[in-house]
Amino acid sequence: MIFDGSGIPLFTPRRHDEAPAMSAAEDGRTFMTPHHQHAQAALAVLATIKHSDTDLEQILQQVATLAQQTIPGAGEVSITLVPERSPYTAAFTGDLALQLDEWQYRLHGGPCLQAAADADVVVIPDTTAEKRWPQWAARAASAGAGSVLSVGLTIDDSVSGALNTYGRRPHAFPDAAADIARYVAVALANAHLYYRATELAEGLSTAMTTRAVIEQAKGIVMAERHCSPDEAFALLPKISQVSNRKLRDVAADIVARVQRHTPPTGR
């Protein structure tokens, strides 16, 4: 269930086995399909994001999480940004999405990079049958991604990007999924309207640095709790929410705590 800033539930994310449409009532009234209801609910959640109270990194993570909860068929979600330098993943909901993105960057090709370059929608219905990027698609299928939906984003003249949704099975996305993904992507445009170009550039640089610290903290949590990468990654935002502190500050504290108790090499 997704809540607004006051804790009031806005809607319960659609189950993947939920019926795809509602029929019109006998009295002639027309009802929206569940897909469109979830799209409107997603926009309502996006409207509650206060740019003045958060930074770009947190907004992107909120968008990724919202996409995972609202796009039918979504398994994992990531946001690729392509500034003038190399592309990178600015937000992701799990290690699978990050891994699939970074394989594309290494191979210099894939659905998210194509969507970002064309500012268009790229769909892979079945990764085992994909011919455009066969090497990447084979890795994706082996890793557990059966289908892909990437929606290109135009941030500004110097930054493009894509909202990437990875389905766990082939043909995971119904026809309405791309439309809902476009609705969710509106948050990125809103973020750009709020942040001036210089602030955006600073935020992107900070996000790249922060991700390295978060990855270090995740490794520490995995070692201490003997848990999986996804479990460790899920724990960090929970600590952030409970303590009302930024995710990067929580991660930095975890890393600093370990460094304080680690003797220098050679002792």
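Rules behind the numbers
- Residues numbered from 1 in each chain as written.
- Predicted model: local features only at pLDDT ≥ 70, side-chain atom pairs only at ≥ 80, totals over all residues.
- Heavy atoms only, no water.
- Helix = DSSP H or I, 4+ residues; strand = E, 2+ residues; numbered from the N terminus.
- Contact = heavy atoms within 4.5 Å.
- Areas by Shrake-Rupley, 256 points an atom, 1.4 Å probe, with all protein chains shown as cover.
- Axes fitted to C-alpha atoms, helices over the stretch in contact; angles between N-to-C directions.
- Parallel < 35°, antiparallel > 145°, perpendicular 65-115°, else oblique.
- Nonpolar A, V, L, I, M, F, W, Y, C, P; charged D, E, K, R; others polar.
- Expected span 1.5 Å × (residues − 1).
- Buried < 20%, exposed > 50% of the residue type's maximum accessible area, 1.4 Å probe, protein only.
- pLDDT = per-residue confidence, 0-100.
- Polar contact = N/O pair within 3.5 Å; in protein donor to acceptor, adjacent residues only side chain to side chain.

The helix and strand inventory of the chain stands at 9 helices and 7 strands. Of the contacts made within the chain by residues no fewer than 6 positions apart, 59% connect residues no fewer than 24 positions apart. Working note: accessible area of the chain is about 13,900 Å², and carbon and sulfur atoms make up 53% of it.

As for its placement among the helices and strands, V121 is situated in strand β5 (residues 121-124). Residues V121 and A181, spaced 60 residues apart in sequence, show a C-alpha to C-alpha distance of 9.6 Å. Aside from chain neighbours lying at most four places away, what touches V121 is L149, S150, V151, A178 and R182.

We now examine the packing of helix α8 (residues 229-243) against helix α9 (residues 247-260). Packing of α8 against α9 brings their axes to within 9 Å, and their N-to-C directions diverge by 110°. Regarding the angle of α8 to α9, the classification is roughly perpendicular. Residues L236, P237, I239, S240 and S243 of α8 pack against L247, V250 and I254 of α9. In terms of residue class, the contact of α8 with α9 is built from 6 nonpolar, 2 polar and no charged.

Our focus in this paragraph is helix α2 (residues 56-70). In a regular helix each residue adds 1.5 Å, so 15 residues correspond to 21 Å; α2 covers 21 Å between its end C-alpha atoms and thus fits that length. All of the buried residues along α2 are L56, E57, I59, L60, V63, A64, L66, A67 and T70.

Moving on: the confidence of the model for the chain. This prediction gives the chain a mean pLDDT of 78; 68% of its residues lie at or above 70. The weakest mean pLDDT in the chain belongs to strand β2 (residues 9-11) at 37; the strongest belongs to helix α5 (residues 134-143) at 97. Scored below 50 in pLDDT, residues 1-31 makes 55 contacts in the model with residues more than four places away or belonging to other chains.

Next up on the list: the side chain of T70. Topologically, T70 is positioned in helix α2. A distance of 2.8 Å separates a polar side-chain atom of T70 from the backbone oxygen of L66.

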